[in-house]
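# Working through the structure, step by step
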Amino acid sequence: MRRAKRNRFIIVIGASAGGVEPLKQIVRDLPADLPAAVFIVLHVGQVSYLPEILDRVATLKTSVAKNGATCKAGNIYVAPPGFHLLLHDDHMMLRRGPRENLARPAIDPLFRSAALSYGASVIGVLLSGSLSDGTAGLRAIKAVGGLAIVQHPKDTLVPSMVESALRYVEVDHCLPAAKLGGLLAKLTAEPAGESFAAPPAVRLEAAIAAQEHSTMQEEDRLGELSVFTCPECHGPLWEIEDGDMLRYRCHTGHAFTADAVMEAQAIEADEILWSLLRSHQQRAGFARRMAERENTRDRSELAAEFGRRATEYEADAALIESILESRRVQVTGNGSVDEESKHKEGKS
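Presented here is an overview of the structure given in this document. (Residues numbered from 1 in each chain as written. Predicted model: local features only at pLDDT ≥ 70, side-chain atom pairs only at ≥ 80, totals over all residues. Heavy atoms only, no water.)

## Brief notes about the sheet that holds strand β4 (residues 75-78)
What counts, and what does not: Should DSSP find at least two bridges between two strands, the strands are taken to pair. Secondary structure elements follow DSSP: runs of H or I no shorter than four residues count as helices, runs of E no shorter than two count as strands, and numbering proceeds from the N terminus. Angles shown run from 0 to 180 degrees and are taken between the N-to-C directions of axes, each axis being a line fitted to C-alpha atoms and, for helices, limited to the stretch in contact. Contacts were defined at the residue level, with two residues in contact if any of their heavy atoms lie within 4.5 Å.
Overall, parallel pairing links the seven strands, which are arranged β3-β4-β2-β1-β7-β8-β9 in an open sheet. At either margin of the open sheet sits one strand with a lone partner, and together these are β3 (61-64) and β9 (173-175). For this sheet, the mean inter-axis angle between neighbouring strands, taken without regard to orientation, is 20°. Note: strand β2 (residues 37-42) against β4, three bridges, orientation parallel. Looking at the pairing, Val 38 lines up with Ile 76 of β4. Together, β2, β3 and β4 form the strand contacts of helix α2 (residues 50-57), whose direction differs from that of β3 by roughly 175°.

## Here we look at the packing of helix α1 (residues 20-29) against helix α6 (residues 177-188)
Just so we agree on the cut-off: Whether a crossing is left-handed or right-handed is set by the direction in which the near helix is turned from the far one by less than a right angle, anticlockwise for left-handed and clockwise for right-handed. Following the grouping adopted for this structure description, the nonpolar residues are Ala, Val, Leu, Ile, Met, Phe, Trp, Tyr, Cys and Pro, the charged ones are Asp, Glu, Lys and Arg, and the polar ones are all others, Gly among them.
Where α1 meets α6, the axes come as close as 8 Å, and the angle between the chain directions of the two elements is 35°. Note on packing geometry: the crossing formed by α1 with α6 is right-handed. For the pair α1 and α6, the contacting residues are Pro 22, Gln 25, Ile 26 and Asp 29 in the first and Ala 177, Ala 178, Leu 180, Gly 181, Gly 182 and Leu 184 in the second. Classifying every residue of the contact of α1 with α6 gives six nonpolar, three polar and one charged.

## Re unusual backbone geometry
Arg 104 connects to Pro 105 through a cis peptide bond whose omega is 15°. Turning to its location among the elements, Pro 105 is positioned in the loop between β6 (91-95) and α3 (107-118). We note that His 234 has phi near 70°; this positive angle belongs to a residue other than glycine.

## A look at the sheet that holds strand β13 (residues 255-257)
What the four strands build is an open sheet, ordered β10-β11-β12-β13; its pairing is antiparallel. The outermost strands of the open sheet, each flanked by one partner alone, are β10 (224-229) and β13. The mean angle between the axes of side-by-side strands here comes to 35°, regardless of whether they run parallel or antiparallel. Across six bridges, strand β11 (residues 236-242) lies against strand β12 (residues 245-250) in antiparallel orientation.

## Remarks on the environment of Lys 179
Relative to the helices and strands, Lys 179 is located in helix α6. Spatially, the C-alpha atoms of Lys 179 and Asp 29 are 8.6 Å apart, while their sequence positions differ by 150 residues.

## Some thoughts on α6
Just so we agree on the cut-off: Here, expected helix span is obtained from the residue count minus one, scaled by 1.5 Å. Buried, partly exposed and exposed residues are distinguished by accessible area as a fraction of the type maximum, computed with a 1.4 Å probe on protein chains only: under 20%, between the cut-offs, and over 50%, respectively.
With twelve residues, α6 extends 17 Å between its outermost C-alpha atoms, agreeing within 8% with the 16 Å of an ideal straight helix rising 1.5 Å per residue. For α6, the set of buried residues is Ala 177, Leu 180, Gly 181, Leu 183, Leu 184, Leu 187 and Thr 188. Contacts made by the buried residues of α6 are with β1 (10-15), α1, β7 (122-126), β8 (147-151) and β9.

## Quick notes on helix α9 (residues 258-296)
Taking 1.5 Å of rise per residue, the 39 residues of α9 would be expected to cover 57 Å, and the 57 Å separating its terminal C-alpha atoms lies within 8% of that figure. Remark: Asp 298 follows α9 within two positions and exhibits a positive phi of approximately 60°.

## What about the nonpolar core?
Spelled out, the test is: Residue types Ala, Val, Leu, Ile, Met, Phe, Trp, Tyr and Cys, when buried and joined through side-chain atoms within 4.5 Å, form a set referred to as a nonpolar core.
Core analysis: the largest hydrophobic core is formed by 61 residues, its most contacted members being Val 12, Phe 39, Ile 40 and Leu 87. Setting aside chain neighbours within four positions, we find Ile 40 in contact with Ile 13, Leu 23, Val 27, Leu 50, Leu 54, Ile 76, Tyr 77, Val 78, Ala 79 and Leu 85.

## Concerning the pattern of salt bridges
The line we're drawing: By definition here, a salt bridge exists when the distance from a side-chain nitrogen of Lys or Arg to a carboxyl oxygen of Asp or Glu is within 4 Å.
Summed over all chains, the structure comprises 16 salt bridges. In this structure, Lys 24 and Glu 21 form a salt bridge, with 3.4 Å as the shortest nitrogen-oxygen distance. A residue pair is termed a helical-turn pair when its members lie 3 or 4 positions apart in one helix, as Lys 24 and Glu 21 do in helix α1 at three residues. Lys 24 gets classed as buried once you look at its relative accessible area, which sits at 19%. Glu 21 sits in the exposed class, given a relative accessible area of 54%. Across the salt bridge formed by Glu 205 and Arg 249, the nearest N and O atoms sit 2.7 Å from each other. Here Glu 205, found in helix α7 (residues 200-209), pairs with Arg 249, found in strand β12; they are 44 residues apart in sequence, far enough to count as distant.

What follows is the structure, encoded as structure tokens:
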């Protein structure tokens, strides 16, 4: 991709829950002669139809990002499920690196890699979503001289991601999705400012996402070893002070913001509780079965002992059920989920 004009020719967009509609609005409003390439990460599961959905409404060609493919202006590239989308020089890389903020593809790896390769020519856009993926990536874009844009929180279905960015990043523009397409077209026609050298930590974290290396010695350079363990692999976590924001990484490379750690811990706690409930229910059922059998053989003492044990196991199971019941999903008026009680059924 030619860089002679030094305009802002790289747009990276991150979204999660509630992000499809604003994405459709933005790509619909981008002009057919946009002098920039657009790269999109949406938190998805095993299958994604996002490229087809956006291609129906976009004036630009929309396709799935391909490993090693050259980035071309006037195109929209969407990260496929299960892979981080990274930018390196003038081409794309897809990597099955460690999950970040419980997601792969994740937003932060795309934003960091764009910042490293394109500096001030990058425009980072963060849309609706839960937790805070994208904040660290926007900070990296700002550190090298790029622009940070977020969807207005009141315009989002789930405002957590953009609220995090507004808290920790010097955001340049905060607008409803209906105004973002026009803004991006205007910004890409303007020359970019001066690019600054990326902080060493940004380079290291980008290398981890690209699976270039992962050692405990390297992770020591990111922060201080904490007393906490990684919710994904149970290795030690390093605590990283990123401005006012606390983040965490393990030596394997899993990365978390503080709220993502709490989310993962809540998921793990629920899994443990459901496993305990099943175990106690089975123990109670087995003890009742043995009590019935001993009764038929006129061994009343042994039957009573098994009955007593069954009663204890049933009481334990009832206690666990009450804990799970207290954590049932509470949906608020704006459609979001109450953070303290969202995991009765595990991770959504």
